[in-house]
Amino acid sequence: MGWIGSIIPLDNLGHYLHWHFILISVSNLIVIGLMIVTFVAALLLPFPGRSRRKENQ
Amino acid sequence: MSTTEIDRQWTTRLRRRAAGKLPPEKLLPDTQPAYVSSWIYVFGVTTLAALVVVIVSGCILALEGPQWWHSSNIGHFVNSTHLWSVEIFFFAMIVHLWGKFFMGAWRGGRTLTWMTGCVTFFASILAGFTGYVSQTNFDSQWISTQSKDGINATGGGSFFNVLNLGQMLMWHIVILPIAAIALTGMHVLLVRIKGVVPPFEKDTEIAR
């Protein structure tokens, strides 16, 4: 697993974004961004077999 | 024993009530309504699957202990599995929460389903926090010393001492897992009793 450390520097201090009273680490912001992307994708992407089920009803 | 006496027994009454509220075909249904064919409906069961991995990996960590998870390769692997399953658990739970919030999932007498979900969420946050302070490393020391002032400021520090590793570990591996599993079980049973909430337009159609 040592190769991960050669791509992503894991020994450095974390990066933080600071705006007025808001202080958030970049890693946490990325996770929040991924959750929003997943949420939107879940609403927009077609579900397998959806049209077949509608026809059956 | 006469039939009347049998009818009066608490076991008979409880069985009849449970079977009436949740018959087997409702507990484990073969089909779901057409509107459930959407990706937004898969995050509840994703959360549940992640919870199973959290519990299994947590049980293995409890069997072997901190020395093992800090020093051996398999210990590192199970420790990481525990962490990443928790990450997936919270990730899926948040997307599930957003989905249910925007579809007003408390409609149609589902208030208790919504509330058990909310309380499970808060119990899970507390379980995650006590897990972070039970790691027995510098990270857990840092988190507990930083958080003690916040908790002391609320007055909660008198009975919930984040610097007391024994207490935090017991909360993490006994009290909170019991609460999370019981609440999740109740939440899932309520979903089975009341059914999956329909979309808003379906509700309007039914009202017409």
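All values reported here derive from a predicted model rather than from experimental measurement.

Draft legend 1. Representation of the overall build of chain B in the model. Assigned secondary structure in chain B consists of 10 helices and 0 strands. Each helix and strand of chain B, placed in order from N terminus to C terminus, yields the pattern α-α-α-α-α-α-α-α-α-α. The C-alpha radius of gyration computed for chain B amounts to 21 Å, which surpasses the reference 17 Å derived for 208 residues by more than 25%, pointing to a less compact arrangement than a globule. Dimensions of chain B along its principal axes, counting C-alpha atoms only, are 60 × 55 × 40 Å.

Draft legend 2. Fine view of a positive patch on the surface. On the surface, B:R17, B:K21, B:K26 and B:K194 cluster together into a positively charged patch. Tracing the backbone shows B:R17 in helix α2 (residues 10-21).

Draft legend 3. Layout of the environment of B:R17. Residue B:R17 is classed as exposed on the basis of its relative accessible area, which comes to 62%. As for B:R17 and B:V52, which are separated by 35 residues in sequence, their C-alpha atoms are 29 Å apart.

Draft legend 4. Region of the structure containing unusual backbone geometry. Its identity as a non-glycine residue notwithstanding, A:H20 has a phi of 50°, on the positive side. Inspection of the secondary structure puts A:H20 in the loop between β1 (16-19) and β2 (22-25). The residue B:T136 is not glycine, and still its phi comes out positive at about 60°. If you trace the backbone, B:T136 turns up in the loop between α7 (111-132) and α8 (138-154).

Draft legend 5. Local environment of the interface of chain A and chain B. Taken residue by residue, the interface counts 15 residues in chain A and 14 residues in chain B. With both sides pooled, the region where chain A packs onto chain B buries about 1,400 Å², and carbon together with sulfur makes up 76% of that total. At the junction of chain A with chain B, the criterion picks out 0 salt bridges. Among the elements of the structure, α2 (26-44) and α3 (50-56) of chain A are those that each provide at least two residues to the side of chain A that touches chain B.

Draft legend 6. Geometry of the packing of α7(B) against helix α9 (residues 165-194) of chain B. All names here are of chain B. Relative orientation of the contacting elements α7 and α9 amounts to 160°, with a least axis distance of 9 Å. The orientation of α7 relative to α9 falls into the category roughly antiparallel. Regarding α7 and α9, the two cross each other, and that crossing is left-handed. Two secondary-structure elements touch here, α7 through L112, T113, T116, G117, V119, T120, A123, L126, A127, T130 and G131 and α9 through M168, W171, H172, L176, A180, L183, T184, M186, H187, L190 and V191. Tallied by class, residues from the contact of α7 with α9 come to 13 nonpolar, 9 polar and no charged.

Draft legend 7. Highlighting a nonpolar patch on the surface. On the surface, a nonpolar cluster with roughly 870 Å² of combined accessible area is contributed by A:L17, A:V26, A:L29, A:I30, A:I32, A:L34, A:I36, A:V40, A:L43 and A:L44. No other element matches α2(A), which puts 9 residues into the nonpolar patch.

Draft legend 8. Expanded view of the pattern of salt bridges. Residue and element names in this part refer to chain B. Enumeration over the complete set of coordinates arrives at 2 salt bridges over all chains. Between D7 and R16 there is a salt bridge, and its shortest N-O distance comes to 3.1 Å. Residue D149 pairs with K148 through a salt bridge whose shortest N-O separation is 3.1 Å.

Draft legend 9. Just the nonpolar core, in detail. By size, the foremost hydrophobic cluster in this structure holds 21 residues, and its most contacted members are B:I40, B:Y41 and B:F89. Elements with a minimum of two residues in this core: α2 of chain A together with α4 (43-64) and α6 (73-102) of chain B. When residues of this core are assigned to their parent elements, the largest contribution, 5 residues, is made by α6(B). In terms of domain composition, this core takes at least three residues from each of domain 1 (39-92) and domain 2 (104-196) of chain B. Look past the residues within four positions of B:F89 in its chain and what remains in contact with it is B:T47, B:A50, B:L51, B:V54 and B:S124. Ranked by size, the runner-up nonpolar core spans 6 residues in total, among them B:F129, B:V133, B:I151 and B:V162.

Draft legend 10. Seen up close, the pairing of β2(A). Residue and element names in this part refer to chain A. Note that β1 and β2 share 4 bridges and pair antiparallel. Bridge pairing in β2 links L17 to I24. Adjacent in sequence and paired antiparallel, β1 and β2 are bridged by 2 residues, among which H20 carries a positive phi angle near 50°.

Draft legend 11. Summary view of the packing of aromatic side chains. According to the stated counting rule, one finds 10 aromatic pairs over all chains in the structure shown. Aromatic side chains A:F39 and B:F102 sit 6.1 Å apart centroid to centroid with 40° between the ring planes, which places their arrangement in the tilted category. Taken as a pair, A:F39 in helix α2 and B:F102 in helix α6 lie in two separate chains rather than in one. In this structure A:F39 comes out as buried when scored by relative accessible area, which is 13%. For the ring pair B:F89 and B:F90, a centre distance of 5.4 Å and an interplane angle of 85° mean the geometry is edge-to-face. When its relative accessible area of 8% is taken as the criterion, B:F89 is described as buried. Judged by relative accessible area, B:F90 falls into the partly exposed class, the value being 21%.

So, how was this worked out
- Residues numbered from 1 in each chain as written.
- Chains lettered and ligands numbered in written order.
- Predicted model: local features only at pLDDT ≥ 70, side-chain atom pairs only at ≥ 80, totals over all residues.
- Heavy atoms only, no water.
- Helix = DSSP H or I, 4+ residues; strand = E, 2+ residues; numbered from the N terminus.
- Rg over C-alpha atoms; globule rule 2.2 N^0.38 Å.
- Patch = residues over 30% accessible without salt bridge, like charges linked within 9 Å, V, L, I, M, F, W, Y side chains within 5 Å.
- Areas by Shrake-Rupley, 256 points an atom, 1.4 Å probe, with all protein chains shown as cover.
- Salt bridge = Lys/Arg side-chain N within 4 Å of Asp/Glu carboxyl O.
- Lys, Arg positive; Asp, Glu negative; His and termini not counted.
- Charge placed at Lys NZ, Arg CZ, Asp CG, Glu CD.
- Buried < 20%, exposed > 50% of the residue type's maximum accessible area, 1.4 Å probe, protein only.
- Contact = heavy atoms within 4.5 Å.
- Buried area = accessible area lost by both parts, 1.4 Å probe.
- Axes fitted to C-alpha atoms, helices over the stretch in contact; angles between N-to-C directions.
- Parallel < 35°, antiparallel > 145°, perpendicular 65-115°, else oblique.
- Left-handed = near helix turned anticlockwise from the far one by under 90°.
- Nonpolar A, V, L, I, M, F, W, Y, C, P; charged D, E, K, R; others polar.
- Core = buried A, V, L, I, M, F, W, Y, C linked by side-chain atoms within 4.5 Å.
- Domains from an automatic or database assignment.
- Pairing = 2+ DSSP bridges.
- Phe/Tyr/Trp six-rings, centres within 6.5 Å; stacked < 30°, edge-to-face > 60°.

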